[in-house]
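# Overview (structure and organization)
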Protein chains: 2
Amino acid sequence: MDTTLLTARDLGMLLRELGPDALMDRLIDRLRDRLRDFDPELNETRARDGFRYDKPALGLLEWMPTREVGGPVVVKMVGYHPTNPLQRNLPSVLATTSMWDSESGHLMAIADATLLTAIRTGAVSALATEVLARSGPITVGVIGLGAQAVTQVHALSRVRRVDRVLAYDTDDTAAASFADRIDFAGIPVEVMYEPALGALVASSDVLCTCTSVGIGEGPVIPLGVEHRPWLHINAVGADFPGKIEIPSDLIARATLFPDLLAQCLAEGECQAAPPARIGPELPELIRTPSQFSAQRDRLTVFDSTGWALEDEIALSVAVESAAELGLGTRIVLESIPTHPLDPYSLSVD
Amino acid sequence: MDTTLLTARDLGMLLRELGPDALMDRLIDRLRDRLRDFDPELNETRARDGFRYDKPALGLLEWMPTREVGGPVVVKMVGYHPTNPLQRNLPSVLATTSMWDSESGHLMAIADATLLTAIRTGAVSALATEVLARSGPITVGVIGLGAQAVTQVHALSRVRRVDRVLAYDTDDTAAASFADRIDFAGIPVEVMYEPALGALVASSDVLCTCTSVGIGEGPVIPLGVEHRPWLHINAVGADFPGKIEIPSDLIARATLFPDLLAQCLAEGECQAAPPARIGPELPELIRTPSQFSAQRDRLTVFDSTGWALEDEIALSVAVESAAELGLGTRIVLESIPTHPLDPYSLSVD
C-alpha cells in the first residue's frame with residue numbers, strides 16, 4: 001500500500017509547469033465549487049489546536065483536521081514562527097498536509113503545504129472579494145507585505161481587474177522587495193510609508209491586511225481613517241486570540257463575514273465585533289451571492305482565519321494536478337506486516 | 001532543509017539488523033530512563049483527539065501530540081480500524097509519526113509508527129511489570145491474540161523469565177497462529193478455549209488483556225474468576241470511552257496505575273474504578289519502584305491507554321538507530337522559497 005509524496009520539488013515543478021495563474025485558477029474554481037456545495041452535515045472540522053510557546057523561539061505548531069463523512073481525513077500541520085524570515089531566512093509559515101483513507105486508516109498522501117497554504121489563502125480572499133467588492137477595476141491596498149501579500153494580490157487579480165496596488169509594511173526591507181515579488185502579475189505597485197497609511201486606506205476599493213502584528217499590538221489600520229463607502233477588507237492576519245488587525249470604528253460600521261464562525265470568534269476579527277455586525281459564513285456567500293449584492297456598496301470584512309476544509313481542497317487539487325503531470329513519488333511508508341497479527345513479520349524486499 | 005523519512009523498508013531493515021530483542025531492549029531502556037526523569041513541567045502532552053466514525057468502516061483516526069518544553073514536537077497519527085485484519089488483510093492499527101523543530105516549525109522526521117507503536121506498548125507493559133509483578137519466573141496469560149499480544153509477551157520476556165504463556169482469543173484463527181508468531185521468543189504457548197478462561201486467569205502471574213472488545217461489550221475477563229493474590233494485569237486494549245476489559249470485582253480489589261490519569265479516566269480501565277483504587281501514574285512507578293514493593297504481592301492493574309510521550313521516545317530511538325545503521329532517506333519536503341517572502345520563488349534544482 002503506497003503513499004503519494006509531493007515534495008518541495010514536485011510543488012515547484014507543478015508551479016513551473018502549470019504557471020501561477022493556472023494553479024491559482026484551479027484552486028479558486030475548486031474552492032468555489034466545493035464551498036457552494038458545502039453541507040455541514042457531511043463535513044466534520046475539528047477546532048484548530050496546537051502548541052504555543054516562546055522558547056526556543058516565539059511560535060506555534062498547530063494541527064488542522066477535517067473529515068468528509070464517509071470520505072478522507074485531512075490534517076494539515078502548520079508552524080507559524082514570525083522570527084523565521086529575519087533570523088533563519090525561512091518563511092514564517094511552514095506546513096505539511098496529509099490525507100488518510102477512513103476505511104482502513106491508510107495514509108494516502110503527504111505533501112508540502114507551504115505553497116498550498118499561501119495559494120488557498122489568496123484564493124478564498126478572491127472568492128469573498130468576488131461577492132462583496134464593487135465590480136469593475138479596483139485599487140487594492142495591502143498592509144503587511146510578507147508571503148501572503150503576494151498570493152492575496154495575485155488571487156484578486158484573477159477575479160477582478162486590479163489597476164494598482166498600494167502597499168505598506170512596517171519593515172522597509174519587505175516593502176522594498178514587494179514590487180519585484182508581485183511583478184509577474186503585471187500590476188503597478190506603489191509602496192507607501194507610515195504617514196500615508198490613512199491615504200492608502202482612503203484610496204482602496206479592496207484592502208488586504210496580512211500582517212504578523214503581535215498579540216495586543218493591533219490594529220494595523222489607524223483609528224479614524226477615512227475609507228470608501230464600499231471598501232471590502234480581506235483580514236487575513238488575525239489567527240491568534242488577542243491578535244486583531246481592524247480598528248473598532250471600522251468593525252462597528254462593517255459587516256463581518258467569517259470563514260468559520262467559531263474560529264473567528266476565538267481568534268479572528270470577530271473577537272472584537274458586536275454580534276449584530278457578524279454576517280453568515282463563507283459558504284453562504286458563495287452559495288447565494290445575489291443575496292449579498294447590496295453589500296457591494298457597503299463596508300465589509302472577510303474574516304479569514306484559515307479553514308481546514310480549504311486545505312483539504314488544496315491538497316486534492318495538488319494531488320490531482322501532480323498525477324496529471326506525472327509528478328510526485330509513491331513510497332511505502334507504513335509497515336504492513338506479512339501476517340497482519342504479527343508486527344515483526346516485515347518484508348524488506 | 002531536509003526531513004528524515006523512515007519507511008516500512010527502513011523499519012524492516014532496522015528490525016532485521018538489530019533483531020527484535022535488541023530493538024525492544026533499546027526501547028525499554030530509553031523509556032525507563034526518560035520516564036524516570038519525567039518532569040511534567042517540561043513536557044506538554046495534549047489530550048488524544050480524533051475522528052470516530054462507523055462509515056465507510058468502523059474506525060477512528062487520532063492525533064497524539066506531545067512537546068518537550070524548548071524541544072521537539074511529536075505528533076503520532078494513529079488509525080484504529082478493527083475490521084482491517086479480517087476484511088482488508090491489514091493490521092487494525094496503522095500509524096505514522098512526525099517530529100518538528102519548535103524553533104522554526106521545520107518537519108525533522110516522518111516515520112512509520114505501526115511497528116513502533118506495537119513495540120512501545122509492549123515496552124511500557126514490561127516497565128510496569130518490572131515494578132508491580134512478583135520477581136522470579138512467571139506464567140503469562142494473554143487475552144486477545146492480535147498484533148499487540150506478540151509485543152506484550154516479547155517485552156515481558158525481556159524483563160522476566162516467562163515460563164509459559166496461556167493464550168486465549170475469541171477468534172480461533174488468531175488463536176491458532178499465535179504460537180507461531182511468538183515462536184522466536186522461545187516460550188511454550190498453551191492456547192486455551194473459552195471454558196478454560198477462568199483457569200487461564202487463575203494460573204497467571206501476569207496477565208495481558210489486549211483485545212478489540214467492542215464498546216459496552218466488555219469486560220473480557222469473566223466476573224468472579226479466581227486469581228493469584230499477586231496477579232499483575234497489563235490492560236492494554238481499552239482506549240475508547242465505554243471500552244473496558246477488566247471486570248468490576250477485580251477492579252474493586254486492585255490498585256490501578258494509569259499511564260496518563262486524565263486519559264485513563266476518559267477511556268481506560270479507570271473509567272469504572274472508584275477513585276480510591278487509582279494509584280499514581282507510570283512515571284512515579286519508574287522513579288521510585290521501591291515504594292511499590294508491597295504491591296508485588298497484591299492485585300495490580302497497569303492501565304495502558306498509550307501516551308504520546310512514549311511515541312516521541314520510540315521515534316527518537318528509531319531515528320537514532322536508523323542513523324547508526326545508515327538507514328532512512330533524507331527528502332526535501334517543505335517548499336522553502338528562494339526569497340522567504342515570495343511563495344512562488346521555488347527552485348526545482
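In this text, all values refer to a predicted model and were calculated from it rather than measured experimentally.

## Here we look at the packing of helix α1 (residues 8–18) of chain B against helix α2 (residues 20–36) of chain B
All names here are of chain B.
- Remark: α1 packs on α2, axes separated minimally by 6 Å, with the N-to-C direction vectors making an angle of 100°. When the axes of α1 and α2 are compared, the pair comes out roughly perpendicular. Between α1 and α2, the contacting residues are L14, L15 and L18 on the first element and P20, A22, L23 and R26 on the second.
- Along the lines of polarity and charge, the residues of the contact of α1 with α2 split into six nonpolar, no polar and one charged.

## Things to note about unusual backbone geometry
- Following A:G218, the chain continues into A:P219 via a peptide bond in cis, with omega recorded as 0°.
- For A:P219, the position within the fold is in the loop between β11 (206–209) and β12 (232–235).
- You will see that B:N89, though not glycine, has its phi angle at about 50°, which is positive.

## A look at the relation of the copies chain B and chain A
- Superposition record for chain B on chain A: RMSD 0.0 Å, screw rotation 180°, translation along axis 0.0 Å. Both chain copies can therefore be described as sitting about a two-fold axis. Residues of chain B ranked by C-alpha distance from the rotation axis are headed by B:W63, positioned 4.3 Å from it.
- Here 100% of the contact residues of chain B are again contact residues in chain A; the copies associate through an equivalent surface.

## Here we look at the sheet that holds strand β13 (residues 255–258) of chain B
Residue and element names in this part refer to chain B.
- One open sheet holds the seven strands; their spatial order is β10-β9-β8-β11-β12-β14-β13, and the pairing between them is parallel. Since the sheet does not close on itself, it has two edges, and those belong to β10 (189–191) and β13, each with one partner. Strand-to-strand twist of the sheet, defined as the mean angle between neighbouring strand axes without regard to direction, takes the value 20°.
- Alignment of strand β8 (residues 138–143) against strand β11 (residues 206–209), held across four bridges, turns out to be parallel.

Thresholds, definitions, all that
- Residues numbered from 1 in each chain as written.
- Chains lettered and ligands numbered in written order.
- Predicted model: local features only at pLDDT ≥ 70, side-chain atom pairs only at ≥ 80, totals over all residues.
- Heavy atoms only, no water.
- Axes fitted to C-alpha atoms, helices over the stretch in contact; angles between N-to-C directions.
- Helix = DSSP H or I, 4+ residues; strand = E, 2+ residues; numbered from the N terminus.
- Parallel < 35°, antiparallel > 145°, perpendicular 65-115°, else oblique.
- Contact = heavy atoms within 4.5 Å.
- Nonpolar A, V, L, I, M, F, W, Y, C, P; charged D, E, K, R; others polar.
- Least-squares fit on C-alpha atoms with pLDDT ≥ 70 in both.
- Pairing = 2+ DSSP bridges.

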